[in-house]
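Secondary and tertiary structure notes
Chain by chain, the residues:
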Amino acid sequence: MAKRRKNGLYRGISAELSTLMRTGWADTERRDLVLGEQAPYAARRRAELSARFPGERLVIPSGNLKVRSNDDSYPFRPYSGYVHMTGDQARDGALVLEPRADGGHDAFCFQLPRDSRDNDEFWTGPTAELWMGRRRSLAEAERVLGLPCRDVRTATDDLAAGSGAPTRIVRGHDAALEAVLVTDAERDAELEEALSELRLVKDAWELAEMRKAVDSTVRGFTDVVGELSRAVASSERWIEGTFFRRARLEGNAVGYGTICAAGEHATIMHWTDNDGPVRPGDLLLLDAGVETHTLYTADVTRTLPISGTFTPLQRQIYDAVYEAQEAGMAAVKPGAAYRDFHEASQRSLAGRLVEWGFIDGPADRAYELGLQRRFTMAGTGHMLGLDVHDCAQARNGEYVDGVLEPGMLLTVEPGLYFQPDDLTVPEDWRGIGVRIEDDLVVTEDGHENLSAGLPRSADEVEAWMAEFAG
Ligand code: GLY
Ligand code: MN
Ligand code: MN
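So, a few notes on the structure that sits alongside this text. (Residues numbered from 1 in each chain as written. Chains lettered and ligands numbered in written order. Predicted model: local features only at pLDDT ≥ 70, side-chain atom pairs only at ≥ 80, totals over all residues. Heavy atoms only, no water.)

This part covers the site of ligand 1. Taken together, Tyr256, Asp287, Asp299, His382, His389, Glu413 and Glu437 form the complete shell of residues around ligand 1. Separating an oxygen atom of ligand 1 from a side-chain N or O atom of His389 is a distance of 2.7 Å. In this structure, an oxygen atom belonging to ligand 1 sits 3.2 Å away from a side-chain N or O atom of Glu437. The protein chains hide 87% of the 190 Å² of surface that ligand 1 would expose on its own. Looking at the shell around ligand 1, its residues break down into 1 nonpolar, 2 polar and 4 charged. (Near = heavy atom within 4 Å. Polar contact = N/O pair within 3.5 Å; in protein donor to acceptor, adjacent residues only side chain to side chain. Areas by Shrake-Rupley, 256 points an atom, 1.4 Å probe, with all protein chains shown as cover. Nonpolar A, V, L, I, M, F, W, Y, C, P; charged D, E, K, R; others polar.)

Here it is in structure tokens:
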């Protein structure tokens, strides 16, 4: 927020003030910094990217601040492809892979360096450190990232002068860099696609981060159960705030907008207003994930009876979703088609919906026609990692039409949603929504449910809530 206000109080800077500001500062260069623990992993990821684009120059920006209003900005979140390839989170940076004659690449990073104290920029400039906080020096960044670093303020000139190699840039993150490069939109999209695909299988470092994200999320859900009575006296916002406190204390933030959906709000897939009442007798659908300091996010849902016990109808619907999740999770193993777990869950739910008379059977026909989707709405899961919907730019053949491999990490999240105005179901079913969502990593011989620390069956959920009652 260093951009100066048009109506700032002080319009001029006296020579005396300028001199005063430039003098008397300690040398704060961090000479103790060492290579970051993610650096060797990022180097391996860059080697894989390099192998896909021999002879081409690749530019992967971290992104810039986005204006919220006037001189105020949204919190910065770097482009996930940049984070994955560098382990870095600096804004206004860019990774460049410069092709070598042998087909490989030399990597370097553009970074916004520290401000000099020999001019007024450090306290009056658009990215003034005195206002925005100390940055890393280029030398510090080099030590932490294990990459040569250059001043980003010369990036447009450097890139425009160019090496003559055909160039690709990931678009949509840095307009200034895009403006000086002559690239092709389709070829640029292929770079983004490759960066997405290289995240399909997580390395050991990423899996450890994902465990932290999920463990922290489990604690956040436990916080919420402990505060349910206060939410009843307040609103869904109390739940959102309770989970957010855990996310900010233990991680960077939440990895996506928390869905705190009580009562009929649970039937709205993307309910994030979170301003409704929390009433005993209703269900609470909480879909939330802590994002680690390294920007990996969990994505977990539990549907809880606010009173502590399910009504018979709520339990009937919950059990159907639970069975569908069990069927889906059983299909998560190496060599299985990615579609298998989705199909297993959806077939299970289609069977229940036919049995209840809400869609025409037989169940196989209903599934083939997709009739269950009126009530299941979404797919049964997605890849998870740096983005909640990770790897979203990957080609179909690598993702939704692909095969599961050890190290892939995905959600299994079937649900049933009976809209409040759905005249095809009995009145007491209307306004009920149930989803159960867990985060699974594919192992050598099956899967591990990283979020198994949270109760999942109806009985387990009730027993868990009873611990906090009274
Ligand atoms: N919370 C977003 C999702 O479950 O996909
Ligand atoms: Mn979710
Ligand atoms: Mn999800």
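Time to look at the sheet that holds strand 10 (residues 283–288). The 3 strands lie next to each other as 9-10-12, forming an open sheet whose pairing is antiparallel. Edge positions in the sheet fall to strand 9 (259–262) and strand 12 (300–305), since each of these pairs with one other strand and no more. Strand-to-strand, the axes of this sheet are offset by a mean angle of 10°, without reference to chain direction. Summarising the sheet, strand 9 and strand 10 pair through 4 bridges and their orientation is antiparallel. By the bridge assignment, Ala262 is partnered in strand 10 with Leu284. (Pairing = 2+ DSSP bridges. Helix = DSSP H or I, 4+ residues; strand = E, 2+ residues; numbered from the N terminus. Axes fitted to C-alpha atoms, helices over the stretch in contact; angles between N-to-C directions.)

Distances from the manganese ion (ligand 3) to its protein donors, Asp299 (OD), His382 (NE2), Glu413 (OE) and Glu437 (OE), fall within 2.1 Å. What the 6 donor atoms of the manganese ion (ligand 3) show is an angle range of 52 to 156° at the metal, which sorts the shape as irregular. Between consecutive donors of the manganese ion (ligand 3), the numbers of intervening residues give the motif D-x82-H-x30-E-x23-E. The distance between the manganese ion (ligand 3) and the manganese ion (ligand 2) is 3.3 Å, with Asp299 acting as a donor to both metals. In this pair, His382 sits in the loop between helix 16 (373–376) and strand 13 (409–412) while Glu437 sits in the loop between strand 15 (432–435) and strand 16 (438–442), placing the two residues 55 residues apart along the sequence. Of the two residues, His382 and Glu437, neither departs from the other in class, the shared state being buried. (Donors = N, O, S within 2.8 Å, 3.2 Å for Na, K, Ca; no water. Tetrahedral: all angles 85-135°; square planar, octahedral: opposite > 155°, others 65-115°. Buried < 20%, exposed > 50% of the residue type's maximum accessible area, 1.4 Å probe, protein only.)

Moving on: the pattern of salt bridges. Scanning the model with the defined rule gives 45 salt bridges in all. For Arg302, the salt bridge identified is with Asp438, shortest N-O distance 2.9 Å. Here Arg302 is found in strand 12, whereas its partner Asp438 is found in strand 16, with 136 residues between them in sequence. The class for Arg302 is buried, based on a relative accessible area of 0%. Given the relative accessible area of 0%, Asp438 is considered buried. (Salt bridge = Lys/Arg side-chain N within 4 Å of Asp/Glu carboxyl O.)

We now examine the packing of helix 10 (residues 204–226) against helix 17 (residues 458–468). With their axes 9 Å apart at the nearest point, helix 10 and helix 17 run at an angle of 60° to one another. Relative to helix 17, helix 10 is oriented oblique. Relative to helix 17, the crossing made by helix 10 is right-handed. Residues Phe221, Thr222, Val225 and Gly226 of helix 10 pack against Trp464, Met465 and Phe468 of helix 17. Here the residues of the contact of helix 10 with helix 17 are counted per class, giving 5 nonpolar, 2 polar and no charged. (Parallel < 35°, antiparallel > 145°, perpendicular 65-115°, else oblique. Left-handed = near helix turned anticlockwise from the far one by under 90°. Contact = heavy atoms within 4.5 Å.)

Keep in mind these values describe shape, not function.
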